[in-house]
Amino acid sequence: QFADSLIIGSDQVGVLDGNIVCKPHTIDNARKQLRQSSGKAFYFYTGMTVINTKTQQQTTICEPFKVTFRHLTDSEIIVMNWASPCLINLKVMILIH
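As a starting point, this report considers the structure included with it. (Residues numbered from 1 in each chain as written. Predicted model: local features only at pLDDT ≥ 70, side-chain atom pairs only at ≥ 80, totals over all residues. Heavy atoms only, no water.)

So, the overall build of the chain
The line we're drawing: Here a helix means four or more residues in a row that DSSP labels H or I, a strand means two or more in a row labelled E, and each is numbered from the N terminus. Buried residues are those whose accessible area, probed at 1.4 Å on protein chains only, stays under 20% of the maximum for their type, while exposed residues exceed 50% and partly exposed ones sit between those limits. Whether two residues touch is decided by their heavy atoms; if any such pair falls within 4.5 Å, the residues are in contact. Here the accessible surface of atoms and residues is derived via Shrake-Rupley with a 1.4 Å probe, and residues count as covered only by protein chains that are part of the display.
Secondary structure assignment for the chain yields three helices and four strands. Seen in sequence order, the chain has helices and strands lined up from the N terminus as β-β-α-β-β-α-α. Burial status across the chain gives 20% buried among its 97 residues. In the chain, 64% of the contacts between residues at least 6 apart in sequence involve partners at least 24 apart. With the model as given, the accessible surface of the chain reaches about 7,200 Å², and the carbon-plus-sulfur share is 59%.

Below is the structure:
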């Protein structure tokens, strides 16, 4: 069906203290993850595969990325409003070194 195409697949996983960290799904879980991340290094691994359907060539990479959170107080974590994706991105930039 896609005889002359490039297929790209990608995903990312976060790791804290040697454990895979899933999406929090709730504000309470997000706050818990921030408390656990405070002052620590958080590693993200992004995997990507590209397949050329015409040549059947396939390339796969895994790119690591380290994020170090600054120390966060409970009051900083509690007042965060996670409703807006734009606010989340801005606040995450403030949280990391």
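A closer look at the sheet that holds strand E4 (residues 58-68)
For the record, the criterion: Any two strands between which DSSP finds at least two bridges are classified as paired. Every angle, taken between N-to-C directions, lies between 0 and 180 degrees, and every axis is a line fitted to C-alpha atoms, over only the stretch in contact when it is a helix.
A sheet is described by the order of its strands in space; here four strands give the open sequence E2-E1-E3-E4, paired in antiparallel fashion. If you trace the sheet from one side to the other, it starts and ends with strand E2 (19-21) and E4, each paired once. The mean angle between the axes of side-by-side strands here comes to 30°, regardless of whether they run parallel or antiparallel. Here eleven bridges tie strand E3 (residues 41-52) to E4, and the two strands are oriented antiparallel to one another.

A look at the side chain of serine 38
With respect to the element layout, serine 38 can be found in the loop between helix H1 (27-37) and E3. Apart from residues no more than four positions distant in its own chain, serine 38 is found in contact with Phe69, Arg70, His71 and Leu72.

Considering H1
Which entries qualify depends on this criterion: Working note: the arc is built from the helix axis to C-beta atom directions.
Three or more residues of H1 are buried, namely Ala30, Arg31, Gln33, Leu34 and Ser37. Along the axis of H1, the buried positions cluster into a sector of 160°, meaning they face one direction only. Positive phi appears at glycine 39, one or two residues downstream of H1, with a value of about 75°.

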